[in-house]
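One letter stands for each residue in the lines below.
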Amino acid sequence: MKRLFCIAVFALCFVCTAVADEAAARILKDIERNLAAMGAYRVEFEVVAGDYRSTGEYVVAGSNFYLRADDTEVYVSDGVRREASHSKKEVTIDTADTSARDIISNPSTGFSVLLEDFDSVMVSSSDGGQRITLVPKGESSAHESVTVIVAKDGKFPKSITYNTASGAIEVRLLGVETASGGVPRFDKTKYEGYEMVDFR
């Protein structure tokens, strides 16, 4: 009887976990669809890592994006990345790194890859929204886990926390809106006097 009871409890836990995993995957897919439906969209964000804090914005449309944070601006279009550093008066040009897996390094795919790279998803609800914890599928991931807090309405994430061996990096999404003007394009005339360093 005791063994039968243990088996029943295990089966119930397995079913509950599977249901939670399916719910979490559905929430993430809905967010991905909501973002895609906007066409071009703009996000204001804050990055917190220990004592470090930085605010900025990014604009995404398909695989192209623009990002501004601190004194740096990044333009990615047609597979080319241009990063302008105002403090260095320098623009570096290189092939866009499509392997980048976080939302700041690559806003165009940083959210969608969560479903590709992670599983063992668990969901819990709180007054602030829904918490989704993702565990990497392989040992090669740079992140031990990722925690996504989703707004109550389920449309967009409120924050994404990348938990690594060296500490947590939290990206707080302060606002999401349609970018009516599309993704800003790199304009060389804005960087007159800057050194152009081309690594292509």
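### What about the pattern of salt bridges?
Opposite charge on two side chains permits pairing when their charged atoms draw close.
So, step 1. A complete count under the given rule lists 11 salt bridges for this structure.
So, step 2. Arg68 is the partner of Glu57 in a salt bridge, and the nearest nitrogen-oxygen pair spans 3.4 Å. With Glu57 in strand E2 (residues 52–61) and Arg68 in strand E3 (residues 64–69), the pair connects residues that are 11 residues apart, well separated along the chain.
So, step 3. Residue Arg68 is classed as partly exposed on the basis of its relative accessible area, which comes to 31%.
So, step 4. The salt bridge partner of Arg172 is Glu170, with a shortest N-O separation of 3.3 Å.
So, step 5. Note on Arg172: relative accessible area 26%, which makes it partly exposed.
So, step 6. Look at the salt bridges and you will find they share partners, linking Arg42, Glu44, Glu57, Arg68 and Glu177 into a network.

### What to know about the nonpolar core
So, step 1. Grouped together as the largest cluster of nonpolar side chains are 33 residues, with contacts concentrated most on Tyr58, Ile132, Leu134, Val146 and Val148.
So, step 2. Here this core gets 5 residues from one element, more than from any other, and that element is helix H1 (residues 2–37).
So, step 3. Of all hydrophobic cores here, the second largest spans 12 residues; its members include Val59, Val80, Val183 and Tyr191.

What counts as what
- Residues numbered from 1 in each chain as written.
- Predicted model: local features only at pLDDT ≥ 70, side-chain atom pairs only at ≥ 80, totals over all residues.
- Heavy atoms only, no water.
- Salt bridge = Lys/Arg side-chain N within 4 Å of Asp/Glu carboxyl O.
- Helix = DSSP H or I, 4+ residues; strand = E, 2+ residues; numbered from the N terminus.
- Buried < 20%, exposed > 50% of the residue type's maximum accessible area, 1.4 Å probe, protein only.
- Core = buried A, V, L, I, M, F, W, Y, C linked by side-chain atoms within 4.5 Å.

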